[in-house]
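Topology and contacts: notes
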Amino acid sequence: MRATSLLPAFLASGLLLATGQADPAAAARARGGASANVTVDYGIILAGVPIGTAKVVGSLDGPRYRMDVSARLTGLAGAITGGYGSGRASGQVAPTGRPQPGTFAISSHSSSASITVRMALTRGNVVASEIAPPLLVDPERVPVNETNKRGIIDPVSALLMPAQGRGSLTDPENCNRVIPVFDGATRFDVVLSYGETRQVDKPGYAGPVLVCNARYRPIAGHRPDRPGVKFMEDNTDMSVWLAPVEGARVLLPLRIAVRTMLGTNIIEATRFDRGGPAGDTAQAVAQ
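Here is a short report on the structure shown in this document. (Residues numbered from 1 in each chain as written. Predicted model: local features only at pLDDT ≥ 70, side-chain atom pairs only at ≥ 80, totals over all residues. Heavy atoms only, no water.)

**A short note on the packing of aromatic side chains**
In plain terms, the rule: Note on aromatic pairs: the rings of Phe, Tyr and Trp (six-membered ring only in Trp) are paired at centre separations within 6.5 Å, and the planes decide the class, stacked below 30 degrees, edge-to-face beyond 60, tilted for the rest. Helix numbers and strand numbers start at the N terminus; a helix is a DSSP run of H or I with at least 4 residues, a strand a run of E with at least 2. Note on exposure labels: buried denotes an accessible area under 20% of the residue type's maximum, exposed denotes more than 50%, and partly exposed covers the range between, all computed with a 1.4 Å probe on protein chains only.
Applying the stated rule across the entire model yields two aromatic pairs. Between Tyr205 and Phe272 the ring centres are 5.9 Å apart and the planes differ by 55 degrees, which places this aromatic pair in the tilted class. With Tyr205 in strand β11 (residues 205-220) and Phe272 in strand β14 (residues 263-273), this residue pair connects regions lying 67 residues apart in the sequence. Tyr205 gets classed as buried once you look at its relative accessible area, which sits at 6%.

**Topic: the state of the cysteines**
Counted only if it meets this: Cysteine sulfur atoms that come within 2.5 Å of each other are treated as a disulfide pair.
All told, the structure shown has one disulfide when counted by the stated rule. With its sulfur 2.0 Å from that of its partner, Cys175 forms a disulfide with Cys212. What sets the handedness of the Cys175 and Cys212 disulfide is the S-S torsion sign, and at about -75 degrees it is left-handed. Taken as a pair, Cys175 in the loop between β8 (161-162) and β9 (177-182) and Cys212 in strand β11 lie far apart in primary sequence, 37 residues in all.

**Notes on unusual backbone geometry**
For the bond from Ala132 to Pro133, the omega torsion is -5 degrees, close enough to zero to count as cis. Along the chain, the position of Pro133 falls in the loop between β7 (125-132) and β8. Residue Ala47 is not a glycine yet carries a positive backbone phi of 55 degrees. Look at Ala47 and you get partly exposed, because its relative accessible area is 49%. Despite not being glycine, Arg123 shows a phi value in the positive range, around 50 degrees. Position of Arg123 relative to the elements: it lies in the loop between β6 (114-122) and β7.

**A word on the pairing of strand β1 (residues 35-46)**
Applied cut-off: Pairing between two strands is assigned when DSSP locates at least 2 bridges connecting them.
Among the twelve residues that make up β1, nine are buried, leaving the element largely enclosed by the rest of the structure. Taken together, the twelve bridges between β1 and strand β2 (residues 49-61) define a ladder with antiparallel strand orientation. Bridge pairing in β2 links Ala36 to Leu60. Hairpin geometry of β1 and β2 is characterised by an intervening segment of two residues between the two adjacent antiparallel strands and by a positive phi of about 55 degrees at Ala47. As paired elements, β1 and β14 share eight bridges and run antiparallel to each other.

**A look at the pattern of salt bridges**
Opposite charge on two side chains allows them to pair when their charged atoms are near. Selection criterion: For this document, the term salt bridge refers to a Lys or Arg side-chain nitrogen within 4 Å of an Asp or Glu carboxyl oxygen.
The tally for this structure, following the rule as stated, stands at 14 salt bridges. The salt bridge partner of Arg271 is Asp41, with a shortest N-O separation of 2.7 Å. A residue pair is termed long-range when its members are at least 10 positions apart, and Arg271 in strand β14 and Asp41 in strand β1 qualify at 230 residues. Assessed through its relative accessible area of 32%, Arg271 is described here as partly exposed.

Written out as structure tokens, the structure reads:
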């Protein structure tokens, strides 16, 4: 994985989630005062072995949103690596219905390294960014130019998915989209397509979920000849399950599955709480 994804496999998998071109009328309804507070707890499993936990806390207040994520490796993996981290993004929902982040930051730590990424954005365009410690100069890396930093969405804001169109939140069209992602170091597209609709019964949510298939398409910042990059380009075994949040016409991930070179990585909700006061967001992430 990239250095900026060191903690969370969870944040890296969050790159599979973003919004597309939503119906302006739906966006107008969101800007008109819709509000929601959602907390989702996840378990992280790699090759059938539990390796960690994660949490997403989202707050939507009219056009403004804030998303907080945290993840921690547990058990033997945690004892060996000490891996943990967190991320935050805030911004507003544009007239098109697409999140336009204003700030983005992630910080990940392990026993061998700590990495922090910060970005400031205006209308989806990066105006400032910092990675500490800086990435080493690598002539094999495809250069990231200024064009690659325009019209993008960060990995944390990507977890907020306003519905497309005026139909049901579980309309298959809410899967079909191409997502331009920039994480501060690499620029890539994730191509989502509808797979199926399933019925689930989880603590906090019972009902239909969209199952979206995903493909990875690198654009810049990657090293094309690396085996991991080629593996992900050819990977057809990636999916995300999206659950609706009725009050604000948005969807959030209930399950993410990505086949890796070490086995299938599954991040699955253990609790889906669609309530709570707006001020509880930061406290919930800290727990």
